[in-house]
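# Secondary and tertiary structure notes
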Amino acid sequence: MNLAEDLSVIVLESAAKGALARLLRSFGANVTPVSLAELADALPGADVLVEMMGTTQLSDAGYSRERIESSNPRLLHVSVTAFGSTGPRARWRGSELVASAMGGTLRLTGDPDRAPVKEALDACWFHAEMVAAAGLMAAVYERAESNRGQHIDVSVQEVALSRNINGVLVWQFDRRKLHRVGGALNYGLATVRCIWPLADGFCFHSLMSGRFGAPANRALSAWIDEVGLPNPLRDVNWETYNRSTLDPATRAEWEAAIERFFRTRTRADIATEGRRRGINATVIATPHDVLDDEHLRARQFWDEQQQPRRFVHVTWGSTAAPPRPPAPASRPGPLHGVRVLDFSWALVGSITTKVLGDFGCDVIKVESRSRPCLSRIDVQVRASRPDSLDDKPWFAHLNSSKRSLALDMKHPASREVLDPLIEWADVVVENFSPGTMAKLGLDYASLAKRNPALVMVSGSVYGQTGPLAQEWGVDGTGAALSGRTYLTGWPDRAPVIPGAVPYGDVIVPYVMAAAVAAALDKRRRTGVGCHIDASMYEICVQQMFDAIAAAARGEQVERSGNDDPRVFHQGVYRCLGEDRWIAITLFDREDWERVRTHFQLAAADSKLDRDAALSTLASTQHDHALAAELQAIGIAAGAVQDIEDMLERDPQLETRGALMTLDHPLLGPFGHIRTPVTFSRSTLAPYRAPRIGEHSHEIARTLSGLDDARIEALEAAGVFK
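Counting restarts for each chain: residues are numbered from 1 in the order of the written sequence. Predicted model: local features are reported for residues with pLDDT of at least 70 only, side-chain atom pairs are reported and counted for 80 or more only, and whole-chain, interface and lining totals are derived from all residues. Working from all heavy atoms in the structure, the side-chain values ignore hydrogens and water.

## A word on the sheet that holds strand β8 (residues 195-197)
Selection criterion: Two strands make a pair as long as DSSP finds a minimum of two bridges between them. The numbering of helices and of strands both runs from the N terminus, where a helix is a DSSP run of H or I of at least 4 residues and a strand a run of E of at least 2. Helix axes are fitted only over the stretch in contact, all axes being lines through C-alpha atoms; the angle between N-to-C directions runs from 0 to 180 degrees.
If you trace the three strands from one edge of the open sheet to the other, you get β8-β9-β10, paired in antiparallel fashion. What marks the edges here is a single partner per strand, and that holds for β8 and β10 (281-283). Between one strand and the next, the sheet's axes are offset by a mean angle of 35 degrees, whatever the strand orientation. Pairing of β8 with strand β9 (residues 202-205), which is carried by three bridges, proceeds in the antiparallel orientation.

Encoded structure:
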């Protein structure tokens, strides 16, 4: 069975080659490209329309929303555009580079002594299409109840902003801005280097905080000792190490020693001995390396043409279960009435269940004070304290629309609370290391015995199977192994962290949410549950589709700065003011001639001459004013915005409600990035994140069926820990 084989999808022109169309095909949907001239005939028989024009341009072409709805009232119409279908800049022309600039990711990518540099390929657009997939599949599920279609609108700019969680929080709480830091990551109060030169290439490595990172950090220190190099990491108490609060002078000393060590190692050393020792290091792979990867072959990721076969792996349940009536809809949203048991932590799982919760699901987050989520302990702003689990805006931001059940799952009596919840749930979400849930007796096979209709989704770096399944990995690992990191940066320099803000951590949740919604819709018809296996590495490789395809054709694929072979000319140019830049995309020669004529620039036949002319023009202009002037003559351009620009002065983001205020009991009211999907009919009503264990007794009483005396006894025994 496929997740969505009954879905008939028409994709309009440029959308036919997009990632959303590929994902829907991988789900089993019947995806048919159509031209604008063919649209009228195709609309009545379709379930879904996917396009990248937006409702404004479609209306100009004679296809207003009213006409589309009258042609097919059940149609689900998806628009993915640079700035969204509504708002004062809906008619602005956009590109990947321009949307990245206006969405803030471009500003944080690259070395501080050069212009910002774009991520490999169309990273922001791919992310937006995964967001659209989640919105679409949620709307598919809802349509079975309402029998009505709707418009699902996604702005690439707004999606790009949604990645910059750290930047949004440190600006709101500390009025600080993050900056480009090349091969490092900025965690709010600390900048942590992650890209290191090897003897024959590069690797990604990060010292992680606390118990999570301690074993790998100790392993690195031991290796440095064995090599005989100076080692300031020796005798560090890694259980108490916090990457956000380490003294900068100490960090500089550590990083100098780590660099000396890595320069003595090869790619083969990292891939073999480093992996055996369990250090947090991964070779930065080329697209050719990806094609030869044994793990991907073992997971049957490639088809006969050496193209990615799927976005997720699905294992279907063995028996059909009687239909489950949805829970009473206590909240609005396309997934209202769906019950989710959430075992997630950190980013991937937390964002997945945040999306599901924002879409209307009833989400119960199972967590523990003895092993709190990294986002409950990582101090990133001055309003937070190391000794509190409830005052971290990072956690609050990632965990809206959930209830918290604090539970020591290693305590035998915890099953009195947990087992009824397994029967209650429609969905289980987890992103622990593969095998962890089995050790707790909570793997899919065990859960399906108690609840055969269950839909379970597991997110991990490498997936649940294959030779790397048990290996260490974080967001940067998926980027490093997929080729994303290798292809981000300038040809004459080392690669840089692509985006300098999480990527795999934020795109995987939308793929997981899309798969969950599709599986729920399938279950409604078949009664069969399933286990969904989502691999960050594989989904990052999907983003690298064009580069992998080029490598498969025998082409040499290398870093190219801000160039894009699909457009006539584009670049990022310095404007008036400190670190102010503009991104400009000229799709064809006609665009260049329009700019040249309007600004009376000299003729330029070479890229070098055009760059010089545009650099001279931009150097005398203010970024936002020049962008508006260029847009007025039909040129894709945008200021390279920082967080203050986006949160305080961007009329498009403000009009679209990109930031919503939720009141937190310890932090007060502050802006949360909304789940960046606009539904024309479904309403979303997110609520603030919980304190740890805030709903434990309520859940035990109302859902687990325990009386007050038993709850008090379990509390005294340390079960609600």
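## Comments concerning empty space enclosed by the protein
Where we set the bar: Lining residues are defined by having an atom within 4 Å of a point belonging to a cavity or pocket. Those points lie on a 1 Å grid over the protein atoms alone, cavities being sets where a 1.4 Å probe fits but cannot get out and pockets being open sets with protein on both sides within 12 Å along at least five of seven lines. Grid points are joined across faces, edges and corners, and a volume is the space filled by probe spheres set on the points. Only Asp, Glu, Lys and Arg are considered charged in this grouping, and only Ala, Val, Leu, Ile, Met, Phe, Trp, Tyr, Cys and Pro are considered nonpolar; every other residue, Gly among them, is considered polar.
Enumeration according to the criterion identifies six cavities of 30 Å³ or more in this entry. There is about 120 Å³ of room inside the largest cavity. Sorting the residues of the lining of the largest cavity by element identifies α7 (156-163), α14 (348-358), α16 (393-398) and α21 (504-526) as the ones contributing at least two each. Across the lining of the largest cavity, the residue classes break down as seven nonpolar, four polar and three charged. Taken as a whole, the second largest cavity encloses approximately 60 Å³ of empty space. The wall of the second largest cavity is formed by G104, R107, L108, N164, G167, K177, L178, Q641, D642, I643 and M646. Taken together, the residues that form the lining of the second largest cavity break down as four nonpolar, four polar and three charged.

## Some points on the pattern of salt bridges
Where charged atoms from two side chains of opposite charge come close, those side chains can pair. We count it as follows: We define a salt bridge as a contact between a side-chain nitrogen of Lys or Arg and a carboxyl oxygen of Asp or Glu at a distance within 4 Å. Summary of the burial criterion: residues with accessible area below 20% of their type's maximum are buried, those above 50% are exposed, and those between are partly exposed, where the area comes from a 1.4 Å probe applied to protein chains only.
Inspection of the entire model under this criterion finds 65 salt bridges. In this structure, R493 and D113 form a salt bridge, with 2.8 Å as the shortest nitrogen-oxygen distance. In this pair, R493 sits in the loop between α20 (475-482) and α21 while D113 sits in the loop between α5 (96-102) and α6 (123-146), placing the two residues 380 residues apart along the sequence. You can call R493 partly exposed: its relative accessible area is 26%.

## Brief notes about the nonpolar core
How we decide: In plain words, nonpolar cores are sets of buried Ala, Val, Leu, Ile, Met, Phe, Trp, Tyr and Cys residues tied together by side-chain atoms within 4.5 Å. It only takes one pair of heavy atoms within 4.5 Å for two residues to be counted as in contact.
By size, the foremost hydrophobic cluster in this structure holds 133 residues, and its most contacted members are L24, F27, M137 and L341. With 16 residues, the single largest contributor to this core is α6. Apart from the residues within four sequence positions on either side, F27 is in contact with N2, L3, A4, E5, M137, V312, A514, A515 and A518. Membership of the second largest hydrophobic core comes to 30 residues, among which are M208, I284, F301 and V474.

## Quick word on the pairing of strand β19 (residues 581-586)
Of all six residues making up β19, six are buried, and the element is well covered by its neighbours. Across the two faces of β19 the burial is the same, with W581, A583 and T585 and I582, I584 and L586 all buried. Note that strand β18 (residues 569-574) and β19 share six bridges and pair antiparallel. For R574, the partnering residue across the bridge sits in β19 and is W581. Where β18 folds back on β19, the antiparallel hairpin that results is connected by six residues, among which G577 adopts a positive phi of roughly 105 degrees. Where β19 and strand β20 (residues 636-639) come together, four bridges link them in antiparallel fashion. Bridge pairing links I582 to A639 in β20.

## Structural notes on the packing of aromatic side chains
The condition is simple: Here the aromatic set is Phe, Tyr and Trp, taking the six-membered ring for Trp, and pairing holds for ring centres within 6.5 Å; pairs whose planes are under 30 degrees apart are stacked, those over 60 apart are edge-to-face, and all others are tilted.
Enumeration according to the criterion identifies twelve aromatic pairs in this entry. Each ring, one from W196 and one from F262, has its centre 5.9 Å from the other, and the planes form 40 degrees; the classification is tilted. Highlighted residues: W196 in strand β8 and F262 in helix α10 (residues 248-262), separated in sequence by 66 residues. Across this residue pair, the class does not change: W196 and F262 are buried.

## Digging into the packing of helix α9 (residues 210-227) against α10
Short version of the rule: By the definition adopted for this analysis, an angle is roughly parallel if under 35 degrees, roughly antiparallel if over 145, roughly perpendicular if from 65 to 115, and oblique otherwise. Crossing handedness follows the turn of the near helix against the far one: under a right angle anticlockwise gives a left-handed crossing, and clockwise gives a right-handed one.
Running from amino to carboxyl end, α9 crosses α10 at an angle of 60 degrees, the nearest separation of the two axes being 11 Å. Relative to α10, the element α9 lies oblique. Note on packing geometry: the crossing formed by α9 with α10 is left-handed. Listed contacts from α10 to L220, W223, I224 and V227 of α9 are I258, F261 and F262.

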